[in-house]
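Structural characterization, general
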Amino acid sequence: MKLTFEHQLKSLVGLYLKEYDSTWHLLQFLEEDDYAREFIAPADGIKRSSYCEAINTRGLEQLIYVYEKLHEQTTRTLPLEYPELGDLVAIDGSLINAVLSMTSAD
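Reading guide: rules and limits
Residues numbered from 1 in each chain as written. Predicted model: local features only at pLDDT ≥ 70, side-chain atom pairs only at ≥ 80, totals over all residues. Heavy atoms only, no water. Helix = DSSP H or I, 4+ residues; strand = E, 2+ residues; numbered from the N terminus. Rg over C-alpha atoms; globule rule 2.2 N^0.38 Å. Buried < 20%, exposed > 50% of the residue type's maximum accessible area, 1.4 Å probe, protein only. Contact = heavy atoms within 4.5 Å. Core = buried A, V, L, I, M, F, W, Y, C linked by side-chain atoms within 4.5 Å. Polar contact = N/O pair within 3.5 Å; in protein donor to acceptor, adjacent residues only side chain to side chain. pLDDT = per-residue confidence, 0-100. Patch = residues over 30% accessible without salt bridge, like charges linked within 9 Å, V, L, I, M, F, W, Y side chains within 5 Å. Areas by Shrake-Rupley, 256 points an atom, 1.4 Å probe, with all protein chains shown as cover. Salt bridge = Lys/Arg side-chain N within 4 Å of Asp/Glu carboxyl O.

**So, the overall build of the chain**
Looking only at helices and strands, the chain features six helices and zero strands. Written out in order from the N terminus, the α and β elements of the chain read α-α-α-α-α-α. A globule of 106 residues ought to have a C-alpha radius of gyration of about 13 Å, yet the chain, at 17 Å, is considerably larger. Along the longest, intermediate and shortest principal axes, the C-alpha atoms of the chain span 45 × 40 × 30 Å. Evaluated residue by residue, the chain yields a buried proportion of 18% over its 106 residues. Long-range contacts, defined as pairs at least 24 residues apart, comprise 62% of the intrachain contacts of the chain with a sequence gap of at least 6.

**As for the nonpolar core**
In terms of nonpolar packing, the biggest core is built from 12 residues, these being Leu 3, Leu 15, Leu 26, Leu 27, Phe 29, Leu 30, Ala 36, Ile 40, Ala 41, Ile 46, Tyr 51 and Ala 54. Only α2 (23-32) and α4 (48-57) provide two or more residues apiece to this core. At four residues, α2 tops the list of elements feeding residues into this core. Not counting chain neighbours up to four residues away, the residues in contact with Leu 26 comprise Ser 11, Gly 14, Leu 15, Tyr 20 and Tyr 51.

**Focus on the side chain of His 7**
Within the secondary structure, His 7 is located in helix α1 (residues 5-18). The buried category is assigned to His 7, whose relative accessible area is 17%. A polar side-chain atom of His 7 sits 2.9 Å from a polar atom in the side chain of Thr 4. In this structure, His 7 is in contact with Lys 2, Ile 40, Ala 41 and Pro 42, ignoring residues within four places of it in sequence.

**What to know about the confidence of the model for the chain**
When the pLDDT values of the chain are averaged, the result is 82; 99% of them are 70 or greater. Taken element by element, the predicted model of the chain shows its lowest mean pLDDT in helix α6 (residues 93-105) (77) and its highest in α2 (88).

**A few points about a nonpolar patch on the surface**
A cluster of nonpolar side chains, contributed by Val 89, Ile 91, Leu 95, Ile 96, Val 99, Leu 100 and Met 102, occupies part of the molecular surface with about 670 Å² of accessible area. In this structure, Val 99 sits in helix α6. Look at Val 99 and you get partly exposed, because its relative accessible area is 38%.

**Side note on the environment of Ala 43**
Along the chain, Ala 43 falls in the loop between α3 (34-39) and α4. Measuring from C-alpha to C-alpha, the distance between Ala 43 and Ile 64 comes to 27 Å, with 21 residues separating the pair along the chain.

What follows is the structure, given as structure tokens:
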């Protein structure tokens, strides 16, 4: 498979930064955007089936490692430089959309 974990991680960051609501939109962006083609996607592009397979079958150990390293860095830096922010809490990005939907439904 040409899609490496680095490609996968960069694409997930892009998914949240660009606020895409589907894999289709993300893959379209990776195919059409010059910056994305050069710095995020593999040279030959990413097929939808390959991307979905990669997301569903691999990367958990690597993502945990990335999360732990980010946690380490932020807990050393943020409380000292920005004590007014209070406790640092990590949430899954989909929670934000769910809360917005629940609020509007309420």
